[in-house]
Amino acid sequence: VPHSSNTPFLRTTTMADVAARLEAVVARLEALASNLSSGGDGGSAGGAPSGDSPKFVTAFEELLDGPCKDFISASASIDGVKELEIDAMANTFYSELGKVMKMAAACKKPDQKTLMNIMKPVTELFPKADKAAFKRGDCRDHATAFKEMLQMVNFLFVPKPRGFCEDSYTLPDVYLNKILTKAKKQEEELATKNRAFVKSAKAIGVGLKDYVKEFHPTGVTWKKDGADAKTWTPGAAPAAGTAAPPPMAPPPMGLAPPPVMTAADYGTKPAKKDAPGGMAAVFAQISKGSDQCESEAKGGATAAFGLKKVTKEMKKAMKKQPGLKPKAKKKVEKKVVVKKKKVKPPSKEFRQGTWWVEHQVEDNEVSGVELKHNVYIYNAQKCTITIPGKIKSITMDNCKRATVIFDQVISVFELVGCESCKVFCRQGVPSVAIDKSKGTQVNLNAAAAQTPPDIVTSNISETNVVLPGKDPEKDDPIEIPLPEQYITKISGANGAWGTDTTMVTHGG
């Protein structure tokens, strides 16, 4: 058939060729879809990547099956540790680290924000571990040691993981050694469980240190051409686009490729370039310069709209008129939201030879004390606590406007971080230690003043000792302030120096 410039660009025989090719492509796609649904690889990206896992993944799995598994079992075997949920937290912590190692083998490196979102189950463990470490009890050292073990997760973020792990893997040792020391005085069964806890904890630290040194000394190795970490899940297939697409079916034998369509075949003309206008014209007008604003003949805008030019004299006149000055913006004061502190309920209990008296706000008496007992008073406020009988020691910590009345202490009475507190001794106390406190008053009656105590002070203010007068029944008590300031004089010469310190007296 003759072909002129006015005839359509596709001939009848050409349409038949294209239809044959399309049928071949459809057949190819149907075969591929059937292969995918039946579970075969079919050359697609639907299956898991072939080959064994990287060595750093298998090495971490060995660490999980070894020391980590032993540590979780040891934590679950100790009742106090299990109550603090350390075994569950450890299981979550190390399993999440294992997922990150698998992710690094299959995904390209994510940004910092994405990695922090992935590590959210781990970051949520830190406040839980802190809360467990602050709980008082026999397993406080276990919880504190585990809290220090969590710091090893930072090897994922620091620039030099090898040096960080070598410095950090021994952080829990202080508390683990305390557990071993206490185990010497425990029953055999409990001591064995505690030793297993310490052994597995130290093995994890050494194992992680050696693991990072061997596989990630300068940072975790991610797969450069891997999948996106945001959409990756353990055991999932690679993301779409990671595998090469299947080749297209070849054209039927003996058929030429279809001709290429051009604009001339459609009978249309190429689009013309837009004439300069719109925003381009606006910027072109601006670029002509401010001199055009002087006259309308030059196309200036000032004359065209009948505007007047503002001279320097007019600007000075505006500054002198206060009514023309722009008003200053009013500053908007931000409301300060005061967070209410949680008030803990008062408690008084006896544990391991010590009476724990905490968060008292009403008058209370600690009865049933013995010579070997200690009393620890914490955060008492605006109340009076009475301790009858003879006792080993008494400690006041972080108390405000509290009063303690006791009969006799055979060791020491301590005040730490207290404010406006009063102490009354009825029979005697050999030593009083006051540290970081202000407004403290130590009262000794006639019996206690017969053998006055040694008073050791540091970082105090407004501290007084009240002693009975000559006649305790008639005379007023005598109040003696303790020194807060000292004068130190330097003496000597030629390298033989010395100092002489004297207190600054209060009053006359």
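Residues numbered from 1 in each chain as written. Predicted model: local features only at pLDDT ≥ 70, side-chain atom pairs only at ≥ 80, totals over all residues. Heavy atoms only, no water.

### Focus: empty space enclosed by the protein
Empty pockets left among the atoms are what a rolling probe the size of a water molecule brings to light. Across all of its chains, the model carries 1 cavity of 30 Å³ or more by this definition. Approximately 70 Å³ is the volume found for the largest cavity. For the largest cavity, the lining is made up of 13 residues, of which Met149, Tyr169, Pro172, Ala201 and Gly205 are closest to its centre. Secondary structure elements with two or more residues in the lining of the largest cavity: helix 10 (173-183) and helix 11 (188-215). It is helix 11 that provides the largest number of residues to the lining of the largest cavity, a total of 5 residues. Residues that form the lining of the largest cavity fall into these classes: 9 nonpolar, 2 polar and 2 charged. (1 Å grid on protein atoms, 1.4 Å probe; cavity = no way out; pocket = protein on both sides within 12 Å on 5 of 7 lines; lining within 4 Å. Points joined across faces, edges and corners; volume = space filled by probe spheres on them. Helix = DSSP H or I, 4+ residues; strand = E, 2+ residues; numbered from the N terminus. Nonpolar A, V, L, I, M, F, W, Y, C, P; charged D, E, K, R; others polar.)

### Focus on a positive patch on the surface
A grouping of Lys131, Lys135, Lys342 and Lys344 is seen on the molecular surface, where their side chains present a positively charged patch. Within the fold, Lys342 resides in the loop between helix 14 (312-320) and strand 1 (347-351). (Patch = residues over 30% accessible without salt bridge, like charges linked within 9 Å, V, L, I, M, F, W, Y side chains within 5 Å. Areas by Shrake-Rupley, 256 points an atom, 1.4 Å probe, with all protein chains shown as cover. Salt bridge = Lys/Arg side-chain N within 4 Å of Asp/Glu carboxyl O. Lys, Arg positive; Asp, Glu negative; His and termini not counted. Charge placed at Lys NZ, Arg CZ, Asp CG, Glu CD.)

### Some remarks on the side chain of Asn443
The topology assignment puts Asn443 in strand 9 (residues 441-444). A relative accessible area of 10% places Asn443 in the buried class. Within the structure, Asn443 has its side chain in polar contact with the side chain of Gln441 (distance 3.2 Å). Leave out the neighbours within four places in its chain, and Asn443 touches Val423, Phe424, Cys425 and Val466. (Buried < 20%, exposed > 50% of the residue type's maximum accessible area, 1.4 Å probe, protein only. Polar contact = N/O pair within 3.5 Å; in protein donor to acceptor, adjacent residues only side chain to side chain. Contact = heavy atoms within 4.5 Å.)

### With respect to helix 8 (residues 140-149)
With respect to burial, helix 8 is a largely interior element, 9 of its 10 residues being buried. Close packing links the buried residues of helix 8 with helix 2 (55-77), helix 3 (79-83), helix 4 (86-106), helix 7 (125-134), helix 10 and helix 11.

### So, the packing of helix 4 against helix 7
Interhelical geometry of helix 4 versus helix 7 gives an angle of 150 degrees and a closest axis separation of 11 Å. Classified by the interaxial angle, the pair formed by helix 4 and helix 7 is roughly antiparallel. The handedness of the crossing between helix 4 and helix 7 is left-handed. Mapping the contact onto sequence places Met89, Thr92 and Phe93 in helix 4 and Leu125, Lys128 and Ala129 in helix 7. Of the residues assigned to the contact of helix 4 with helix 7, the class counts are 4 nonpolar, 1 polar and 1 charged. (Axes fitted to C-alpha atoms, helices over the stretch in contact; angles between N-to-C directions. Parallel < 35°, antiparallel > 145°, perpendicular 65-115°, else oblique. Left-handed = near helix turned anticlockwise from the far one by under 90°.)

### Overview of the confidence of the model for the chain
Considering every residue of the chain, the mean pLDDT works out to 79; 74% of them sit at 70 or more. Across the chain, the element-wise mean pLDDT spans from 50 in helix 13 (residues 301-304) up to 95 in strand 4 (residues 374-378). Segment residues 37-51 is flagged for pLDDT under 50; beyond a separation of four residues in sequence, or across chains, it makes 12 contacts in the model. Contacts for the low-pLDDT stretch residues 237-256, under 50 throughout, to residues beyond four places or in other chains number 20 contacts. (pLDDT = per-residue confidence, 0-100.)

### Remarks on the packing of aromatic side chains
A full pass over the atoms with the stated rule returns 9 aromatic pairs. Between Phe60 and Tyr211 the ring centres are 5.3 Å apart and the planes differ by 65 degrees, which places this aromatic pair in the edge-to-face class. You can see Phe60 sitting in helix 2 and its partner Tyr211 sitting in helix 11, a full 151 residues away along the chain. Through a chain of ring-to-ring contacts, three or more aromatic side chains come together here, namely Phe60, Tyr211 and Phe215. (Phe/Tyr/Trp six-rings, centres within 6.5 Å; stacked < 30°, edge-to-face > 60°.)

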